[in-house]
Amino acid sequence: MSASASASSWRGPLRLIGHRVLLALITLLLVSAVIFTISGLLPGDAAQEVLGQSATPEQIAALRKEMGLDQPGPVRYYQWLRGISMGDPGQSMVTNTPVSEIISVRLPNTLILAALSTLVSVPFAFLIGIASAIARGKKLDRSLNVLTLSMVALPEFLVATVAVLILSVKLQWLPSITLIPQEASFADYVRGYAMPVMVLAVGVIAQLGRMIRAAIIAELDRPYVEMARLKGVSQTRLVFHHILPNAIGPIVNAMALSLSYLFGGAIIVETIFSYPGLAGLMVNAVTSRDMPLLQACAMIFCAVYLLLVLVADVFAILANPRLRNA
Amino acid sequence: MKDTTQHVEVRDLSVTVRREDGTPLRIVEDVSFDIAPRETLALIGESGSGKTTIALALMGYARGSAEITGQIRVGQATLDGAGGNALKAQRGHRISYVAQSAAAAFNPSRRVIDQVIEPALIHGIEPEEAARKRAVSLFRSLALPNPETIGQRYPHELSGGQLQRLMAAMALITQPELVIFDEPTTALDVTTQVEVLQAFRRVVREQGATGVYVSHDLAVVAQMADRVLVLKRGKVREQNAVDVILQSPADDYTRMLMSAAMPVVMAAPVLPDAPVPLLEVEGIHAGYGPIDKEGRPAHPVLSDVGFSIGRGAALGVIGESGSGKSTVARVVAGLLAPARGSVKLDGVPLAPTLSGRSREELRRVQIVFQSADVALNPGRSVGDILGRVLRFYRGTRGEEARRRVAELLDLIKLPASIASRRCDELSGGQKQRVNLARALAAEPDIILCDEVTSALDTVVRGAILDLLAELRRDLGVAYLFISHDIETVKALCDDIVVLYKGTRVESGVRDSYNVPPVHPYTDLLISSVPELRSDWLSDESERAAAPFAHLRERPDLCRFLPRCPVAIAGTCEVSAPPVRQLSSGNAVLCHHTEETLRRTQSEKILG
Amino acid sequence: MKIAALFTTIRNLPLSGKIGLAFVVFWLLAAAFGPMLAPHPPGAFVSEEVFADASSRLWLGSDFLGRDVLSRLLMGARFTVGLSAVAVTLAVGIGTGLALTAAVGPHWVDELLSRAMDTLISIPSKIFALVLIAAFGSSELLLIVILAVIYVPGNFRIARSLAVGLARLDYVEVARARGEGRLYIALSEMLPNMIRPLAADIGLRFVFIVLLLSGLSFLGLGLAPPDADLGSLVRENTSGLAEGALAIFVRATAIATLTVSVNLLIDALTQGKVR
Ligand SMILES: Nc1ncnc2c1ncn2[C@@H]1O[C@H](COP(=O)(O)OP(=O)(O)O)[C@@H](O)[C@H]1O
Ligand code: SF4
Ligand SMILES: [Mg+2]
């Protein structure tokens with residue numbers, strides 16, 4: 001293929017990817033508007049709340065001015081958006097320290113937790129998904145089906161409570177609180193993270209496993225699979241050479257979705273195990289009505305989610321020759 | 001099972017599936033046949049008659065939970081019904097398969113060449129390099145364009161006819177002893193079908209393989225097979241040499257298939273002379289997608305299409321898939337607003353969209369769609385569907401409505417009791433009748449029939465055509481009858497319009513299409529329809545190549561240019577063709593004069 | 001005849017489906033009549049001992065304040081099942097209604113609705129719930145509205161893709177060509193054919209809502225005392241965790257049996273259709 005031909009063969013997918021990136025950015029912008037409207041504009045007067053019922057109107061007016069609450073909504077939104085996109089989402093209303101400082105300490109912890117849980121879950125999910133798709137309708141598939149159906153329906157706090165009950169209280173194997181000290185040994189790490197990761201993995205494995213099975217089964221019924229069988233292709237080759245290349249788009253998308261589920265689960269898990277992450281922080285922000293902190297946390301989670309979906313989208317485009325050569 | 005002079009022996013083959021409630025259902029019953037080496041046997045029958053099931057059983061394969069019993073021997077390998085299945089190991093090696101829709105049977109995300117040589121690799125027949133070479137030489141014998149590089153493409157970059165030939169290459173790459181073709185041309189346009197059939201026949205002979213050819217089309221089978229096995233509901237009705245079947249069929253059912261395959265031309269009723277035609281369509285430009293500043297849609301489909309239909313007349317619109325036939329019907333019905341052009345009913349212009357048309361105007365133009373399965377709301381009863389139309393246009397209710405529903409059902413020759421049945425309980429033919437009755441309930445002046453017979457089996461199709469002719473005679477309703485099958489159109493319609501890529505290349509009365517000269521595309525279309533004799537395909541000399549096949553289609557030139565075998569160098573690739581009036585009364589869109597057209601077409605008939 | 005058909009369906013369910021059905025029926029009855037049958041008022045202190053074991057008087061023991069676990073469980077079940085059922089009805093009603101509007105309405109309505117729903121769906125549900133609760137609080141009514149709002153976009157997406165698929169079918173085209181109005185097409189031609197495929201989605205969404213609601217209550221962001229759903233019941237008894245109290249175990253299992261059994265039942269029913 002000549003250089004110009006290969007350049008032109010890239011133009012199609014690049015435009016498509018550019019389009020997806022733009023769409024994700026627009027969505028993020030709209031999401032920010034929704035979040036700010038809900039948490040910043042609708043709930044009434046933050047100044048009043050800070051000062052309490054006994055404050056004089058003058059005091060309130062002064063604080064409103066200081067907080068910028070006297071400005072019209074769109075202006076406040078613009079200022080907030082500018083701040084947050086420059087990495088400065090304002091001051092915490094509770095601790096009076098910059099939100100960015102608080103978050104920068106907490107965010108890595110949540111990312112570590114999420115990464116570890118993903119690392120543990122994905123292989124199991126693939127195993128379950130592929131095994132039950134291949135054994136579709138057979139005993140193994142039906143048992144795995146009931147198992148994963150039950151696993152997705154279990155609330156994280158239940159899994160966590162039972163895990164603590166058995167592993168910490170009864171057997172005393174693992175700590176019920178995940179505090180990772182500064183100079184922890186590898187064994188400390190493993191022991192500390194074991195339970196939170198396990199609790200998160202239960203849901204992710206089941207959910208992702210089911211979606212992988214569904215993606216493969218959707219392919220199993222297509223005529224090209226029968227054709228491959230009639231060519232004498234073995235079962236293993238069928239799955240890895242014929243089906244997975246077609247199912248990879250939906251599977252990657254499923255992975256993005258499960259990861260976002262994982263962030264939701266982190267909210268419960270971090271709280272239960274007193275893990276110093278962003279999700280737990282967000283719960284505290286709700287309880288203390290620390291809006292700037294809450295907004296920033298919410299925006300980070302949404303941005304990460306959109307990023308994951310975007311990456312999955314791009315991957316699906318590159319994996320599909322029809323889109324790739326569009 | 002010792003007759004080693006036969007290549008294939010099948011004895012008492014039955015295939016059983018489980019119904020939803022768990023009871024067994026035999027879809028193939030006690031079928032026995034032999035195939036001699038290098039012979040091709042055709043399996044023919046309507047859809048659901050068990051053709052594919054038998055063909056797959058020859059590979060020891062059954063779909064879903066189906067069970068095969070009986071004995072099958074192919075070469076040395078046998079399936080004995082007692083669990084032994086040596087045929088499985090032969091799949092894709094000594095026995096290979098060409099599926100109905102190549103577009104679906106190729107893996108969309110792998111390059112075609114990798115799929116074509118895969119059987120040779122997994123069965124360890126030859127190294128990859130040798131297999132690639134063999135593939136390229138097969139591509140060449142199958143008359144595929146650019147045989148060296150075509151394999152590098154992905155399935156979606158190739159046409160249906162090309163994919164079908166590539167699939168044949170995939171089947172032949174291992175030099176199999178038995179090749180099974182399962183309706184390999186059913187999904188193709190008739191002009192493509194000829195080329196594919198020719199290519200198949202040549203390579204199978206070159207390789208000296210035994211063949212099984214599955215089809216519902218007797219005329220196609222006549223070209224491909226030495227012997228024919230006629231199936232009905234899983235049972236063998238007749239088994240004989242192809243010429244015997246064609247000339248003196250022994251079985252009633254075979255005779256019925258034969259007569260349905262040759263539709264009789266139905267006489268046109270005498271039509272009243274009227275100064276204004278019932279429906280007049282002029283200069284329609286239409287398409288899909290967003291409209292640009294000059295009013296052109298992003299995907300233009302129709303350009304400058306026009307015709308008129310008199311009261312009680314039937315106009316046929318013919319063209320290959322994608323030529324814009326359905327778009328014509330949608331524009332007339334008001335479902336799609338044209339970018340330009342007008343539709344007049346009794347001389348009165350109709351609004352371009354539904355919302356601009358009065359209920360009375362809507363009532364007078366009814367539309368009937370191809371696929372009966374999705375044309376009727378599955379959850380509702382027949383009486384309900386017909387009753388809604390009566391109430392909507394005429395306000396007919398209660399006892400009066402019930403009486404009308406019974407009348408309508410009688411008109412379409414269904415028992416009145418069917419009114420209480422749900423639509424998803426009806427057979428394909430019944431659904432298509434109800435579909436027609438729904439249009440008739442509005443007492444329209446014209447019915448737009450979009451491929452209403454295309455999804456039906458030959459025998460049922462014949463019955464629906466008869467019904468349409470009768471309704472027209474009795475009720476005086478006019479038809480805009482759309483089909484891709486010129487025989488069907490000729491049987492029913494007085495006038496015919498030929499569409500090619502959204503342009504009207506020819507229009508005129510039915511009988512003018514029987515003698516040259518016609519438009520070069522019409523000529524190709526007519527000469528591509530297989531005839532019911534076994535030597536038709538060999539008669540057809542290999543087609544003359546199109547001199548401008550390397551050019552891209554352009555909207556400002558004749559659309560047919562890249563495929564036209566008689567294109568005039570220096571003219572056709574320079575300017576748009578004019579509309580010419582032929583002495584037969586037909587109008588053609590072509591640079592050729594009547595004289596030169598006649599010359600090219602009669603030369604071919606003589607030579 | 002209808003009843004006979006129902007029994008056949010039940011008989012043909014796989015074991016997991018039968019178990020699911022049994023628990024679903026149990027919880028529905030518990031939510032409907034439980035509080036009437038409760039042996040003690042849910043708020044009453046009936047035992048000297050906290051975290052007492054099961055006895056003939058207190059079948060499931062006592063909680064961290066010495067209240068009857070069984071009675072509180074029955075109250076919690078009513079809140080959980082009741083709130084979730086109302087929320088799911090709202091979510092599906094609104095989601096499907098909007099989906100039909102998008103499918104039969106002008107193109108720009110579809111664009112607008114789809115854009116809006118795509119935006120809302122990109123806010124992960126738990127995060128969305130936290131933001132809404134922080135802003136508006138969590139009274140019973142607010143919780144219902146919040147849960148419904150969060151699950152409208154998911155239902156919209158599924159219902160819209162069903163509706164758009166149906167709108168392309170020939171029988172809908174025929175109805176349009178006949179001149180039928182949009183309302184008739186949406187309600188008479190499309191909706192009846194959407195109910196069956198949507199049924200499974202309703203069940204799943206119910207499970208999501210129960211999970212989210214109890215998760216929120218567990219975090220202390222759900223119902224305010226003295227009202228309590230199954231999640232808050234687990235939360236208020238976490239102090240008993242170290243003692244391995246029956247109270248906390250019973251509550252946790254209660255939620256699990258509810259959500260797992262709904263899941264198993266839907267799965268069994270939809271699989272029966274497919275096969
Ligand atoms: N809704 C649509 N949107 C975009 N393109 C369409 C649509 N419907 C049909 N087309 C395109 O218009 C062309 C003509 O289609 P159609 O009128 O259905 O042809 P025919 O009925 O002759 O097969 C085809 O290229 C087809 O892909
Ligand atoms: S105008 Fe030229 S290219 Fe077109 S049909 Fe006539 S001869 Fe062929
Ligand atoms: Mg069509």
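These figures come from a predicted structure and were not determined experimentally. (Residues numbered from 1 in each chain as written. Chains lettered and ligands numbered in written order. Predicted model: local features only at pLDDT ≥ 70, side-chain atom pairs only at ≥ 80, totals over all residues. Heavy atoms only, no water.)

A word on the overall build of chain B
Test applied: By definition, any uninterrupted DSSP run of H or I lasting at least four residues is a helix, any uninterrupted run of E lasting at least two residues is a strand, and each is numbered from the N terminus. A radius of gyration in this sense is built from C-alpha atoms; the matching globule rule multiplies 2.2 Å by the number of residues raised to 0.38. Residue burial is assigned from relative accessible area. The probe radius is 1.4 Å, only protein chains are included, and a residue is buried under 20% of its type maximum, exposed over 50%, and partly exposed in between.
Counting its secondary structure elements, chain B contains 20 helices and 22 strands. Its C-alpha atoms give chain B a radius of gyration of 26 Å, near enough to 25 Å, the size a compact globule of 607 residues would have. Over its C-alpha atoms, taken along the principal directions, chain B stretches across nearly 75 × 70 × 50 Å. Within the span of chain B, comprising 607 residues, buried residues form 54% of the whole.

Considering the overall build of chain A
Basically, it comes down to this: By the convention used here, residues are in contact when the closest approach between their heavy atoms is within 4.5 Å. Residue burial considers only the protein chains on display, and all accessible areas are found by Shrake-Rupley using a 1.4 Å probe.
For chain A, the helix and strand inventory stands at 13 helices and zero strands. A sequence separation of at least 24 residues applies to 70% of the contacts in chain A between residues at least 6 apart. Carbon and sulfur atoms provide 66% of the accessible area of chain A, an area that totals close to 15400 Å².

Here's the deal with the site of ligand 2
Which entries qualify depends on this criterion: Residue proximity to a molecule or strand is established when one non-hydrogen atom of the residue lies within 4 Å of it. Residues are grouped as follows: Ala, Val, Leu, Ile, Met, Phe, Trp, Tyr, Cys and Pro are nonpolar; Asp, Glu, Lys and Arg are charged; all remaining types, including Gly, are polar.
Taken together, 13 residues lie around ligand 2, and B:C558, B:C564, B:C572, B:C590 and B:H592 are the ones closest in. The class makeup of the residues in the shell around ligand 2 is 10 nonpolar, three polar and no charged.

Description of the domain arrangement of chain B
Residues and elements named next belong to chain B. Heads up, the condition is: Domain ranges listed in this record stem from an automatic or a database domain assignment. Buried area: the accessible surface (1.4 Å probe) lost by two parts on joining, summed over both. Any carboxyl oxygen of Asp or Glu within 4 Å of a side-chain nitrogen of Lys or Arg constitutes a salt bridge here.
With domains assigned, chain B is organised as domain 1 (36–56 + 87–227 + 237–261), domain 2 (279–513) and domain 3 (520–606). A separation of 30 Å is found between the C-alpha centroids of domain 2 and domain 3. Listed per partner, the contact involves 19 residues of domain 2 and 15 residues of domain 3. Surface buried jointly by domain 2 and domain 3 totals about 1600 Å² across both partners, of which 55% is contributed by carbon and sulfur atoms. Among the residues of domain 2 in contact with domain 3, Y500, V505 and E506 are the three that bury the most area, contributing 33% of the side total. Where domain 2 packs against domain 3, one counts two salt bridges.

A look at the sheet that holds strand β12 (residues 297–309) of chain B
Residues and elements named next belong to chain B. Here is the rule we go by: Here, any two strands with at least 2 DSSP bridges between them count as paired. Each axis is a line fitted through C-alpha atoms, taken for helices only over the stretch in contact, and angles between the N-to-C directions span 0 to 180 degrees.
In spatial order, the strands read β12-β11-β14-β15; together these four strands make up an open sheet with antiparallel pairing. Here the strands that pair on one side only, and so sit at the sheet edges, are β12 and β15 (348–349). The strands touched by helix α10 (residues 325–333) are β11 (279–291), β12 and β14 (340–345); relative to β11, the strand with the most contacts, the crossing angle is about 105 degrees.

Overview of the packing of aromatic side chains
Any two aromatic rings considered together are summarised by their centre-to-centre distance and by the angle between their planes. Worth spelling out the cut-off: Geometry of aromatic contacts follows a simple scheme: Phe, Tyr and Trp rings, the Trp one being its six-membered ring, pair when their centres are within 6.5 Å, and the pair is stacked under 30 degrees between planes, edge-to-face over 60, tilted otherwise. Both a distance and an angle decide whether a charge sits over a ring: NZ of Lys or CZ of Arg must be within 6 Å of the ring centre and within 35 degrees of the ring normal.
Applying the stated rule across the entire model yields 14 aromatic pairs over all chains. Here a set of aromatic residues connected by ring pairs shows up, and it is made of A:F36, A:Y77 and A:W80. In this structure, B:R359 packs its charged tip against the face of B:F392, placed 3.7 Å from the ring centre.

Here's the deal with the confidence of the model for chain A
Residues and elements named next belong to chain A. As a reminder of what qualifies: Every residue carries a pLDDT, the predictor's confidence in it, which falls somewhere between 0 and 100.
A residue-level look at chain A finds 88% of positions with pLDDT of 70 or above and a mean pLDDT of 82. Across chain A, the secondary-structure element scoring lowest on mean pLDDT is helix α2 (residues 46–51), at 66, and the one scoring highest is helix α9 (residues 223–230), at 92. Low pLDDT (under 50) marks residues 1–7, which in the prediction has one contact with non-local residues, meaning those over four places away or in another chain.

Things to note about a nonpolar patch on the surface
Heads up, the condition is: Residues enter a patch when their relative accessible area is above 30% and they make no salt bridge; the linking distance is 9 Å between like charges and 5 Å between nonpolar side chains (Val, Leu, Ile, Met, Phe, Trp, Tyr).
A cluster of nonpolar side chains, A:I112, A:L116, A:L119, A:V120 and A:F124, forms an exposed patch at the surface whose accessible area comes to about 440 Å². For A:L116, a relative accessible area of 31% corresponds to the partly exposed category.

Digging into the interface of chain C and chain A
Our working rule: Polar contact is defined as a pair of N or O atoms within 3.5 Å, subject to the rule that within protein one atom must be able to donate a hydrogen and the other to accept it, and that residues adjacent in sequence are counted only when both atoms are side-chain atoms.
Taken together, the contact pairs 44 residues of chain C with 47 residues of chain A. Summed over the shared surface of chain C and chain A, the number is one salt bridge. For A:E156, the salt bridge is made with C:K126, and the minimal N-O distance between the two is 3.3 Å. Put simply, chain C and chain A have five residue pairs in polar contact (both at pLDDT 80 or more) between them. Elements that contribute at least two residues to the side of chain C that touches chain A include exactly α4 (107–121), α5 (125–136), α8 (182–218), α9 (230–236) and α10 (246–274) of chain C. Among the elements that make up the side of chain C that touches chain A, the one with the highest residue count is α10(C) (12 residues). A class-by-class count of the residues in the side of chain C that touches chain A yields 28 nonpolar, 11 polar and five charged.

Observations concerning the packing of helix α10 (residues 235–272) of chain A against helix α11 (residues 278–287) of chain A
Residue and element names in this part refer to chain A. Rules: Here roughly perpendicular refers to angles of 65 to 115 degrees, roughly parallel to angles under 35, roughly antiparallel to angles over 145, and oblique to all remaining angles.
At a minimum axis distance of 7 Å, the contact between α10 and α11 shows a crossing angle of 85 degrees. Put simply, α10 runs roughly perpendicular to α11. Here A266, I267, E270 and T271 of α10 lie close against α11, whose contacting residues are L278, A279, G280 and V283. The class makeup of the residues in the contact of α10 with α11 is five nonpolar, two polar and one charged.

Looking at the environment of A:T236
Residues and elements named next belong to chain A. Of note, T236 is situated in helix α10. Owing to a relative accessible area of 53%, T236 belongs among the exposed residues under this scheme. Spatially, the C-alpha atom of T236 lies 34 Å from that of F263, the residues being 27 residues apart in sequence.

With respect to the pairing of strand β10 (residues 235–241) of chain B
Residue and element names in this part refer to chain B. Both strand β9 (residues 227–232) and β10 contribute to a ladder of six bridges, which runs antiparallel. If you follow K232 over to β10, its bridge partner there is K235. Once β9 ends, the chain turns through two residues before running back antiparallel as β10, passing R233 with a positive phi of about 45 degrees.

Comments concerning the environment of B:L142
Residues and elements named next belong to chain B. Turning to its location among the elements, L142 is positioned in the loop between α4 (128–141) and α5 (160–172). What makes L142 buried here is its relative accessible area of 0%. Taking the C-alpha atoms as reference points, L142 and E195, separated by 53 residues in sequence, lie 9.2 Å from one another. Beyond its immediate chain neighbours, meaning those up to four positions away, L142 contacts R165, A168, A169, A199, F200, R202 and V203.

A word on α10(A)
Residues and elements named next belong to chain A. Our working definition: Expected span of a helix, by definition, is 1.5 Å for each gap between consecutive residues, and there is one gap fewer than residues. Bend at a given residue is defined as the angle between two axes, one fitted to the seven residues that end at that position and one fitted to the seven that begin there.
Helix length check: α10, at 38 residues, gives a terminal C-alpha distance of 44 Å against a target of 56 Å (1.5 Å per residue), a shortfall beyond 12%. Remark: the principal bend of α10, roughly 60 degrees, maps to L244, with a proline, P245, within the next four residues. A positive phi of about 50 degrees marks S274, the residue just after α10.

Comments concerning helix α18 (residues 520–528) of chain B
With eight of its nine residues buried, α18(B) lies for the most part within the structure. Every buried residue belonging to α18(B) is among B:P520, B:Y521, B:T522, B:D523, B:L524, B:L525, B:S527 and B:S528, and all of these are buried.

Quick notes on the nonpolar core
Most often, soluble globular proteins have nonpolar side chains that are buried together. Cut-off, in case you're wondering: Residues enter a nonpolar core if they are buried and are Ala, Val, Leu, Ile, Met, Phe, Trp, Tyr or Cys, with the set joined through side-chain atoms within 4.5 Å.
Core analysis: the largest hydrophobic core is formed by 139 residues, its most contacted members being A:I103, A:M282, A:L294, C:L130, C:I150 and C:M190. Looking at this core element by element, the count peaks at 18 residues for helix α3 (residues 69–104) of chain C. If you look at the next biggest cluster of nonpolar residues, it comprises 99 residues, including B:I284, B:I318, B:L465 and B:C558.

Points about the pattern of salt bridges
Residues and elements named next belong to chain B. For the coordinates displayed, the defined rule picks out 62 salt bridges over all chains. Across the pair R132 and D114 runs a salt bridge whose closest N-O atoms are separated by 3.5 Å. Of this pair, R132 sits in helix α4 while D114 sits in helix α3 (residues 112–122), and the two are 18 residues apart along the sequence. In this structure, the salt-bridge partner of R380 is D384, at a minimum N-O distance of 3.4 Å. Residue class for R380 comes out buried when judged on its relative accessible area of 15%. We classify D384 as partly exposed; its relative accessible area is 37%.

Some points on the interface of chain B and chain A
Counting residues at the interface gives 25 residues for chain B and 19 residues for chain A. When chain B packs against chain A, close to 2000 Å² is buried across both sides, 58% of that on carbon and sulfur atoms. At the boundary of chain B with chain A, the tally comes to three salt bridges. Across the pair B:E118 and A:R237 runs a salt bridge, and its minimum N-O distance is 2.6 Å. Counting the contacts that link chain B with chain A gives 13 residue pairs in polar contact (both at pLDDT 80 or more). Listing elements by their share of the side of chain B that touches chain A, those giving two or more residues are α2 (102–105), α3 and α5 of chain B. The leading source of residues in the side of chain B that touches chain A is α3(B), at four residues. For the side of chain B that touches chain A, the class distribution of residues is 14 nonpolar, six polar and five charged.

Focus: the site of ligand 1
Residues and elements named next belong to chain B. Y288, V301, E320, S321, G322, S323, G324, K325, S326 and T327 make up every residue found near ligand 1. Interatomic distance of 2.8 Å between a backbone N/O atom of G322 and an oxygen atom of ligand 1. The backbone of G324 places a nitrogen or oxygen atom 3.2 Å from an oxygen atom of ligand 1. In the complex, the protein chains occlude 56% of the 560 Å² of accessible area that ligand 1 would expose alone. The dominant element in the shell around ligand 1, judged by the number of residues it contributes, is α10, at three residues. Across the shell around ligand 1, the residue classes tally to two nonpolar, six polar and two charged.

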